[in-house]
Amino acid sequence: MKNVVIIGAGVAGLTAAARLKDIGYNVTIIEKKTYDGGNVASWDRLFPDSRRASRLIDDVRRPLGEGVTIHYDQRITSLVKMKDGRIGVGTESLGIIHADALLVASGFSLFDAHLKEEYGYGIYDNVYTQADLESMFSSGKVLTRSGDIPRRIGFVHCVGSRDEKVGNRYCSKVCCVTAVKQASEIKQLYPDAQVYCFYMDLRMFELPYEDMYFNAQKLYGVRFIRGRLCEAAEKMDKSVILKVEDTLAGQTLNLSVDMLVLMAGMRPASDTARIATMLGLHCNKEGFLTPVDIFSRGNETEVDGVFLAGTCTGPKTIPQTIADARSAAIRIDEYLKKRKK
Amino acid sequence: MEERFSFDPFVLPFTIGLLFIIIYLAVAAGKVIYDLPTDDRKRFFRSLFSWRIFVSIKDIICECLLHVRIFRRNKILGFMHMSIAFGWFMIIVLGHIEVKLYAPHRLNLPYFPIFFRYFMKETEHSMQGAFFFFMMDFFLLLVLIGIGMALYKRFNSRAMGMRRTTRLKNADRIALYTLWLIFPLRLLAESHTAEIAGGSFLTNTVGYLVGIVPEDYGRGFWWAYSIALGLFFFALPGSRYMHIPTEALLILFKNAGIRSRKKGDGVATAAIYSCSRCGICIDACQISSAARKPKDTAVYFIRQLREGDPAALKSAENCFMCGRCVQACPVGIDSIRLRQNVRELKAPKDQSDYSYLPAMDIGQADVLYFSGCMTRNMPSILNAMKTILRNSGDKYLHMDASSTICCGRPMLLTGQIDAARAMIMKNTEIIRRSGAKTLVTSCPICYKVFCEQYSLQDVEILHHSQYIDRLISSGRIKVEKSSLNVVYHDPCDLGRGSKVYKEPRRVIDAVAHLTAIPSAIDRKKALCCGGSLANTALSESSRRAVTVDAFQQLTASSPDVLATACPLCKKTFEGVSEGHSAVKDIAQVVVEAMEKNLSSPCEESIEKSTAHTIA
């Protein structure tokens, strides 16, 4: 039986593993963390239908059954293309695994919001990222640092996305919808709270998103203000005073919020660059891996037997990631069948 | 000594060339002085008749002849320049002394001292001429060594400690090649007549070799020598060698205390023509060395100005205005000012109305803290400064706690002088009204502008590193020295721009272990972080290349902390640090060292909001 090794046990890695196992391959997943599900594991609920993130992970994990081995807490130490066409995958404690095909599903990590120091993340008590807020939702306690119920909450879109100053010109795709989702959830939790979203553009590109945006305004009264935050300062009571330009109304606003949530963008996962160097894969200037052809060969690389899936090639929603991972599984199967002959 | 001839047609190329260049230089110098603003012109003439003229003479000898500044920077390069300039000068001087001694009636012939050996013959072997023969040969040898080095440098600049050297234009080529030829030809000519006219170790020896050339043809060497000189003089105005005469004028201007104020004023012209295109600035400029984009470095920008090339309008923008090139320039050309001249010329005329600026009355205090726009956006620095101010015991006010008026520098840098003036006036009013005796700023950019563009009379202006230094040395804040290794990075506008080097180092030394960095990137030669607002032309990726390179150089010793004293430097370096060495402002490092002795936070002095607030 042929071996397929997958780097990353996130949504992409798990989905592809299930498909490949069903076709009849021996699948091994190498995961750097101690749990599966990747970034989604730290989420509470998902757009567009507010399903639990844990339920989604269960759904992608369930078909794996017994046939797939997941090695947690493993760091890739070497990746070598061998003479027989296989790939030697070296880890710290497992030795070298010989893979007939390798799927890179290393995913993304959130932009480090500390780098936008002007927003005060890590400095002010009540500045959070969307991931921090998800943890709060999971724990059921959405409270300020001092344990109070927030009465005013601001969401800042495009933190580390579409921002040339931090070197990320691209759109991270999912943050707009996430902000709409979280803003609505806050209002579900605290109907009396004032919620603001500060945005450049709202990119509601899939069918249900526009409805979510509409409901956020109509049902929940979330206020969308077009303009980037220019200053955030902490007051003595630990609320955050914001200076922002409302570019539609053409006026500057000073308002204070009890919680400021930064919608941090997607960056390539920290190990992606290392993996790319070891295998000689191409990265674009943002550091995401680039497939051979985005139309026809979106899961293939220039290196024979190495495939890509999920957000390691750029920001994606979860449905897109799942579709991409399935397509990668099909491509791997085609590749391995051809090699058998 | 006996006179053989007093004239020969071969002197004509030299004599005509000399006449041309003297007239050209006289007219050009006249125009440059005429182009000075009236008050500067008066100041210039006054300085000629004051003690300052002696300083100028000393400077001219040191810089134009001995090239002391190049020596300091690069010994080999310095020797090359000195040997050519000083050797040539001595040959001319000694030539005139010879004429004065042996043929005083010929002093009125300008060519006579130059072709002395041809016109005079030695009558007897005596010590009388031997001294001069030796001296002339010695200095000729010195020049020839210099020329040899110049030749070598042209083809192998790295061997001379330069990574890059400038590309040549046609007039430069003629001047360069004739300059290379002048002295070898002089050697051949003098060697050929050495038997008749006398010679020393060099000319006599070479004389034996060129002796095979028949006597009649020997005059050809003198013709060639004269033609080379003549051609050099004719090529001079269009070539970079105009720096030889112009630099002297620039030194006179500098010592008269005159600085360029606008494009095309006399000082600007003198500065442009004083550029020898040595190319030292190309290596000093990080846009060239780190981002590999040398095309707009000072030397090329100045050449564009000199040639009236409209490209100068664009290249004026592609500069961090960090001042490394000015610091490195052996002639001391203020290319930053030249760029500023162009920026001011093309700046949009003031279209904005600044009457909306709030008339703020912030109350009375002894110390006024102006955080500036960039520190307001760097809460880590702002919080640290608030802690320090609270513990200082001073009666202080945070001048721009709720709203800020820009110090004016960005407007100045883009040449919008009137807009900058409006802000400067408003800030001045606020500061004066507060009755403060000290103004503390966290941003070196603000600091420089407050020092140079504001007239705040008896208000003392301090950068926070200076203020903290005082607080520590007077014991008003208590700090504990840690074992952290800290590298200090001089922000451009604080170090080179405002000459504040001591205080920040003293502060760090009091709270941590100050780690040394190579002198090539320390103090006056400090690197630019690459975040400078002054450059409006460079791409983000090139900026990043500059930043990454500077960060790597600064943290080569893997210090615990890279400390700086500028919000922009901190922000810029943080973007590339990726966890190697923490990037901190000096105020943060101090607060961490005083943590134990902190008093409890008290109410913020003022918190007013002037802008519209939504309900």
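Here, every reference points to the structure presented above.
Chains are numbered independently. Their residues run from 1 in the order of the written sequence. Throughout, the order in which chains and ligands are written sets their labels, letters from A for the former and numbers from 1 for the latter. A pLDDT threshold of at least 70 governs which residues receive local features in this predicted model, and a stricter bar of 80 or more applies before side-chain atom pairs are shown or counted, although totals over entire chains, interfaces and linings include all residues. Side-chain calculation: all heavy atoms of the structure are included, whereas hydrogens and water are not.

**Describing the overall build of chain B**
What counts here: Here a helix means four or more residues in a row that DSSP labels H or I, a strand means two or more in a row labelled E, and each is numbered from the N terminus. Only protein chains enter the calculation, and the probe is 1.4 Å; a residue is then buried if its accessible area is under 20% of its type maximum, exposed if over 50%, and partly exposed in between. Any two residues whose heavy atoms approach within 4.5 Å are treated as being in contact. In short, Shrake-Rupley with a 1.4 Å probe defines the accessible areas, and a residue's cover is counted only from the protein chains shown. Under this rule, positive means Lys or Arg and negative means Asp or Glu; His and the chain ends count for nothing. One atom stands in for each charge, and that atom is NZ of Lys, CZ of Arg, CG of Asp or CD of Glu.
Of the regular secondary structure elements, chain B holds 29 helices and 10 strands. Counting all 615 residues of chain B, 57% fall into the buried class. Here the analysis covers contacts within chain B between residues at least 6 apart in sequence; of these, 75% occur between residues at least 24 apart. Carbon and sulfur atoms make up 60% of the accessible area of chain B, which totals about 26,500 Å². In chain B, the 75 positive side-chain charges and the 55 negative ones have mean positions that sit 2 Å from each other.

**Remarks on the nonpolar core**
All names here are of chain B. What counts here: By nonpolar core is meant a set of buried Ala, Val, Leu, Ile, Met, Phe, Trp, Tyr and Cys residues that side-chain atoms within 4.5 Å join together.
Grouped together as the largest cluster of nonpolar side chains are 79 residues, with contacts concentrated most on Ile388, Leu439, Phe450, Ile468 and Phe573. No other element matches the 7 residues that helix H29 (residues 586–594) contributes to this core. Each residue touching Ile468, except ones within four places of it in the same chain, is listed here: Met385, Ile388, Ile477, Val507, Ala587 and Val590. In this structure, Val206, Phe232, Leu236 and Met242 belong to the second largest nonpolar core, which totals 58 residues.

**With respect to the pairing of strand E2 (residues 26–30) of chain A**
Residues and elements named next belong to chain A. Our working rule: Pairing between strands is defined by DSSP: at least two bridges between the two strands are required. Seen with the strands pointing away from the viewer, any crossover whose path from the first strand over the helix to the second strand runs clockwise is right-handed.
Counted residue by residue, E2 has 4 buried out of 5 residues, so it is predominantly covered. Across 5 bridges, the pairing between strand E1 (residues 3–7) and E2 is parallel. Pairing of Asn3 across the sheet is with Asn26, part of E2. For the handedness criterion, the β-α-β arrangement of E1, helix H1 (residues 11–23) and E2 is classed as right-handed. Sheet topology places E2 next to strand E5 (residues 68–71); 4 bridges connect them, and they run parallel. Note that in E5 the partner of Val27 across the bridge is Val68.

**Quick notes on the sheet that holds E1(A)**
Residues and elements named next belong to chain A. Under the convention used in this document: Each axis is a line fitted through C-alpha atoms, and for a helix only the stretch in contact is used; angles between axes span 0 to 180 degrees, taken between their N-to-C directions.
Sheet architecture is open: 5 strands sit in the order E5-E2-E1-E9-E20, paired in parallel fashion. Two strands lie at the open edges of the sheet, namely E5 and strand E20 (306–308), each paired on one side alone. Pairs of neighbouring strands in the sheet enclose a mean axial angle of 20°, with direction left out of account. As defined by bridge partners, E1 adjoins strand E9 (residues 101–104) across 4 bridges and the pair is classed as parallel. Its bridge partner lying in E9, Val4 is registered against Ala101. Helix-sheet contacts for H1 involve E1, E2, E5 and E9, and the interaxial angle to E2 is about 165°.

These results come straight from atomic positions and should not be treated as a statement about function.
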